[in-house]
Amino acid sequence: MGKGGQNYGSSENLGDLRGDYHAAWSLDVRECEEKYQVSKEYGLSNDEVEKRRQIYGFNELEKHEGPSIFRLVLDQFNDTLVRILLFAAVISFVLAWYDGEEGGEKGITAFVEPLVIFLILIVNAIVGVWQENNAEKALEALKEIQSESAAVIREGRKISSLPAKELVPGDIVEMRVGDKVPADMRVLSLISSTLRLEQGSLTGESEAVSKTTKSVPEDVDIQGKKCMVFAGTTVVNGNCICLVTQIGMNTEIGKVHSQIHEASQGDDDTPLKKKLNEFGEVLTAIIGVICALVWLINVKYFLSWEFVDGWPRNFKFSFEKCTYYFEIAVALAVAAIPEGLPAVITTCLALGTRKMAAKNALVRKLPSVETLGCTTVICSDKTGTLTTNQMAVAKLVAMGSTANAVRSFNVQGTSYDPFDGKIENWPEGQLDVNLQMIAKVAAICNDADVEEAGHDKSGHYVANGMPTEAALKVLVEKMGLSNELGSDTSSGYDGVLRCSYTWNKIEQRIATLEFDRDRKSMGVIVSSSSGKKSLLVKGAVETLLERSSFVQLLDGSITELDRSHKEVILKSLHEMSTSALRVLGFAYRDDLPEFSTYDGDEDHPAHQLLLNPSNYSSIESRLVFVGLAGLRDPPRKEVPQAIEDCRTAGIQVMVITGDNKDTAEAICREIGVFGRHENIRSRSLTGKEFMELSNRDKETHLKQGEGLLFSRAEPRHKQEIVRLLKDSGEVVAMTGDGVNDAPALKLADIGIAMGIAGTEVAKEAADMVLADDNFSTIVAAVGEGRYMISSNMGEVASIFLTAALGIPEGLIPVQLLWVNLVTDGPPATALGFNPPDKDIMKKPPRRSDDSLISAWILFRYLVIGSYVGIATVGIFIIWYTRSTFLGIDLSGDGHSLVTYSQLANWGQCNTWQNFTVSPFTAGAEEFHFDNPCDYFQKGKIKAMTLSLSVLVAIEMFNSLNALSEDGSLVSMPPWVNPWLLLAMSVSFGLHFLILYVPFFATIFGIVPLSLNEWLLVLAVALPVILIDEVLKFVGRCTSGIRTSKARRSSKPKAE
């Protein structure tokens, strides 16, 4: 079978590769080959591949079956309000059918109400199903991260493009720069001198990680597995040979997949959904009681009896009257349910999302807008959220006029944009020889590039290559060129790195001494236009100093590097390192005898020196040291203020990062999570240290109430922190950008992903995506849906009063539906545009268990609701019983007046002697009555129109009351929200449409009104503003008392 084939028949002896059984990172290369029964030269045989595939399957992520469409549709009806509406619709449909059979209302009119309710429910279900169907897409996005093909060695032959799903444990894979890693693999050998991978999306590290073939301890965390490469990460530097150790669901990315699936199984209802369900249950009880009361009050009309010998006898039952009062009870149910509430909440949240989108927060799941209002803890990733995830030079140290002096320059800017900030106290255009040499080394000893992203060149800059090298290129642009070099050397260049381009044109690069982790430096040999060769080197300051013999001063003179000079440079290094800066040194060498005639030719003797990396240290010796630069992933400018806003608002901020502890602590001090000189020993832990605590200690640690930091955190650590916070009653917002953040994003009450740097997995798992990846964007207010509740209470009061007083019903269900859905909709939506209260971020977050409306607000709603009921019923009675009201003449239509007693006892009309009524006009129509008793049924059309118009007008004016919870209309006038004025106009316009277009008037059972009748409507509707102004004044006077009572009552709950 050839080399390496001797054990291929014994797959059963492999042990279980599915778990971390072999912990390949803790075995040396030879042990790994033995355990997986393979040699890196030969690979696996085809037979062995098939045997292993039988055991381990394909290298792909499982597809979890989501809920069926039918299940999703059924779930939409698992809501109290929706169920009541459904019941009311079915009853309405049955009654309309029965009414049609009995010769009552014909055609479409009788079915309008049930059809409208069914339509509402269908639309609600469609929206819900569409929204929930997106939930499982996070798992699909994970598959996009997986590599599609790999270069594999099997049976001694190299297969350059094998589909990645066909890999099995034990396969030998060759990786090159730019390749996406297809499975979790152990590095067996390096082809290049170094190997670096970008694995930040999986581990949260801010820099590319160097990999090695050396084994590490078995219990090390994921960041410490330096000899392993993980599926979904990318090779940014070097080539290597690897051994596949885990595939599919057993890889680190597979574990994340499982965690996302588990988290999505436990999706809790949002605080708003819980409150609406509670509200629906309370509403059900209230509706039940009121319906029963209406039934009892009117039982005398459809059930009568006589008492004989003290016992009821001779029962008389009228089925027609019974169904009539049953219809009233159904109308009551329809009135009490705010059908528009789900629609308006959806619209208000959608408006919230549009406002947030304008602030760069793209909301994927609507209820998450409301959840933000309740957020008590924000768990934020560091890299890319609190920081820019773009390396930038923060400090440049050049040599002074004497060897014991250095010059220090602070460099502004937090991104790859060369125009973002400048260098403080910089000699613009007057660069001395030392500064020019630093610029030359940084520009030429560099493989990175920076360009504007997008076709529109919108000012967003991205790096190609190593982030640290890109930052150095940006530094060169900020340094500029000396005047004698001029700008003509860069003519014809249209990129953003003009200065770097100029340096590369002046000095041609002919050879590269690749970076390796032993000498910790990179060098390039360049040839000037005169043919002079020199070596430019950048790398770790300590190793450069060891290989440097000289130092270059400000004027370009060279002096020997002695101990005192070194101490000055090392002092600068120490200062920068303690500020969590990554420091790189710059050096050069002019005398290169071996390379004096070298021009890149492979036959030149010097070329042989370059082929062996072990020669690089001797070539990079006797260097001239020129300066050093401190780099970092800088915090965003807006973050410190956002952290301060959170502290003021009572929101706790926790930073959870995969990065190392020192860097994370320095950033947290800078942005204000910790004080500059505060002792943070108890508030900064690694993920591993936190997981080692007992459950009680974990809870105590999280309840400190101050900012906390968790560094070196893995996905499971993040999930555990989020789970513990949720269990203790906190509402958790989690932000992140990497694959490692996805499970916690899914588990949190609201997951917020990064739009620019975020992986697709994180975006799909999140509820919200930040288009600008910015922590400070997470500050948003929630729109208003409050005024609808008081309006609905008014409708309930109206129907209850109608039934209690015994007068004909003033509003039929289809009219109530019209008011709830159409005329209420625009104002309720426009209230979402209300400007927030100025002190909104000074108030603590609403607790998720707070009731939807406080006791005082409920009292206000009851008062307003009672007035709405009295006004709508009152105008009905006024039309029947009065010819004038408040000086307004109502006799113009010629209708007959009756007494209140007759109106309240209209059911006994047939027994009245000499009762007659005259015809009356409404618009162009005249109403005649062959049977005078029809005056209370067919003839009530004008009174009903007045009642409906008063209801619409009152609800429009009531929307003005909702501009502010406690603020008067004097301090917050209607024009602060012009959208509301427009919405009121739209609602009135819709009402005029159904009044004055005959087709609609027939469907809704109403008639046109005269000018005098409109004056009456306004006279009855306007007082609602005055009543609420009085209530608001009382509210402002007593707010202090109510707040302190609430605080006292919440303390025991918190304890």
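For the structure itself, look to the data block above.
First things first, this report covers the structure right here in the doc. Everything quoted here is computed from the prediction, not taken from an experiment. (Residues numbered from 1 in each chain as written. Predicted model: local features only at pLDDT ≥ 70, side-chain atom pairs only at ≥ 80, totals over all residues. Heavy atoms only, no water.)

A few points about the overall build of the chain
Looking only at helices and strands, the chain has 37 helices and 34 strands in total. Counting the 1055 residues in the chain, one finds 55% classified as buried. Pairs at least 24 apart in sequence give 72% of the contacts found in the chain among residues at least 6 apart. In the structure as shown, the chain presents an accessible area of about 45,400 Å², 55% of it carried by carbon and sulfur atoms. (Helix = DSSP H or I, 4+ residues; strand = E, 2+ residues; numbered from the N terminus. Buried < 20%, exposed > 50% of the residue type's maximum accessible area, 1.4 Å probe, protein only. Contact = heavy atoms within 4.5 Å. Areas by Shrake-Rupley, 256 points an atom, 1.4 Å probe, with all protein chains shown as cover.)

Looking at the state of the cysteines
Overall, the coordinates contain one disulfide when judged by the stated rule. A disulfide bridge connects C909 with C933, and the sulfur atoms are separated by 1.9 Å. Taking the sign of the S-S torsion, -95° for the link of C909 and C933, the bridge is left-handed. Of this pair, C909 sits in the loop between α32 (900-904) and β33 (920-922) while C933 sits in the loop between β34 (925-927) and α33 (941-961); the two residues are 24 residues apart in sequence, bridging distant segments of the chain. A single burial state applies to C909 and to C933, both of which are buried. C32 forms no disulfide, and the closest cysteine sulfur to it belongs to C227, at a distance of 7.3 Å. Among the residues examined, C227 registers a relative accessible area of 0% and is labelled buried. (Disulfide = S-S within 2.5 Å.)

Thoughts on the packing of α33 against helix α34 (residues 978-996)
For any two helices packed against each other, the geometry comes down to the angle between their axes and how far apart the axes lie. Running from N to C, α33 and α34 cross one another at 175°; their axes reach a closest spacing of 10 Å. Taken as axis vectors, α33 and α34 run roughly antiparallel relative to one another. Every residue of α34 that contacts α33 at T945, L948, S949, V952, A953, M956, F957, S959 and L960 is listed here: L980, M984, S987, F988, H991, I994 and L995. Tallied by class, residues from the contact of α33 with α34 come to eleven nonpolar, five polar and no charged. (Axes fitted to C-alpha atoms, helices over the stretch in contact; angles between N-to-C directions. Parallel < 35°, antiparallel > 145°, perpendicular 65-115°, else oblique. Nonpolar A, V, L, I, M, F, W, Y, C, P; charged D, E, K, R; others polar.)

Section: the packing of aromatic side chains
Ring pairs (aromatic) are described by centroid distance and by the angle formed between their planes. Using the criterion set out here, one finds 21 aromatic pairs in the structure. Consider the rings of F915 and F936, whose centres lie 6.0 Å apart with planes at 10°: the pair is stacked. Of the two residues, F915 is situated in the loop between α32 and β33 and F936 in the loop between β34 and α33; the sequence distance between them amounts to 21 residues. Accessibility assignment for this pair places F915 and F936 in one class, buried. One aromatic cluster in this structure is built from F876, W879, Y880, W912, F915, F920, F927, F929, Y935 and F936. Against the face of F58 rests K165, its NZ or CZ located 4.9 Å from the ring centre. Between K698 and the ring centre of F690, over which it is positioned, the NZ or CZ distance is 5.9 Å. (Phe/Tyr/Trp six-rings, centres within 6.5 Å; stacked < 30°, edge-to-face > 60°. Lys NZ or Arg CZ within 6 Å of the ring centre and 35° of its normal.)

Section: a nonpolar patch on the surface
On the surface, a nonpolar cluster with roughly 380 Å² of combined accessible area is contributed by W305, F307 and F315. For F307, the position within the fold is in strand β10 (residues 303-308). Residue class for F307 comes out exposed when judged on its relative accessible area of 59%. (Patch = residues over 30% accessible without salt bridge, like charges linked within 9 Å, V, L, I, M, F, W, Y side chains within 5 Å. Salt bridge = Lys/Arg side-chain N within 4 Å of Asp/Glu carboxyl O.)

Some words on the side chain of H991
On the secondary structure map, H991 appears in helix α34. Within the structure, the side chain of H991 is placed 3.0 Å from the side chain of S949, a separation counted as a polar contact. If we skip the residues at most four places from it in the chain, H991 touches W818, L948, S949, V952 and W1014. (Polar contact = N/O pair within 3.5 Å; in protein donor to acceptor, adjacent residues only side chain to side chain.)

Some details on the sheet that holds strand β2 (residues 157-163)
Strand order in this open sheet of six strands is β2-β1-β3-β9-β4-β7, and the pairing throughout is antiparallel. The sheet is open, and its two borders are formed by β2 and β7 (228-229), each paired with just one other strand. For strand β1 (residues 149-154) and β2, the ladder comprises five bridges, and the chain directions are antiparallel. Bridge pairing in β2 places R154 opposite R157. (Pairing = 2+ DSSP bridges.)

Side note on unusual backbone geometry
Phi is positive for N425, close to 55°, though the residue is something other than glycine. With respect to the element layout, N425 can be found in the loop between β15 (406-410) and α14 (433-444). Judged by relative accessible area, which is 73%, N425 ranks as exposed. Backbone geometry places R712, a non-glycine residue, at a positive phi of 50°. Within the fold, R712 resides in the loop between β27 (708-711) and α25 (715-727). Classification of R712 by relative accessible area gives partly exposed; the value is 24%.

Brief notes about the sheet that holds strand β5 (residues 196-198)
Overall, antiparallel pairing links the three strands, which are arranged β6-β5-β8 in an open sheet. The strands lining the two open edges of the sheet, one partner per strand, are β6 (209-210) and β8 (234-237). With three bridges joining them, β5 and β8 adopt antiparallel strand pairing. Bridging from a neighbouring strand, L197 pairs with V235 of β8.

Examining α25
Taking 1.5 Å of rise per residue, the 13 residues of α25 would be expected to cover 18 Å, and the 18 Å separating its terminal C-alpha atoms lies within 8% of that figure. Counted residue by residue, α25 has ten buried out of 13 residues, so it is predominantly covered. Regarding α25, the residues found buried are P715, H717, K718, Q719, E720, I721, V722, L724, L725 and K726. Taken from the residues just after α25, G729 is the one with a positive phi, measuring 90°. (Expected span 1.5 Å × (residues − 1).)

Some words on the pattern of salt bridges
By the definition in use, this model includes 28 salt bridges. Residue E174 is joined to K158 by a salt bridge in which the shortest nitrogen-to-oxygen separation is 3.1 Å. Placement of E174 in strand β3 (residues 172-175) and of K158 in strand β2 is noted, with a sequence separation of 16 residues between them. E174 gets classed as buried once you look at its relative accessible area, which sits at 9%. Residues K942 and D893 are paired through a salt bridge, measuring 3.1 Å at the closest nitrogen-oxygen approach. Taken together, the positions of K942 in helix α33 and D893 in the loop between β32 (888-889) and α32 put the pair 49 residues apart, joining distant regions of the chain. Relative accessible area serves as the criterion here: at 2%, K942 is assigned to the buried category. Classification of D893 as buried rests on a relative accessible area of 8%. The structure contains a network of salt bridges with shared partners spanning K698, E720, R723 and D727.

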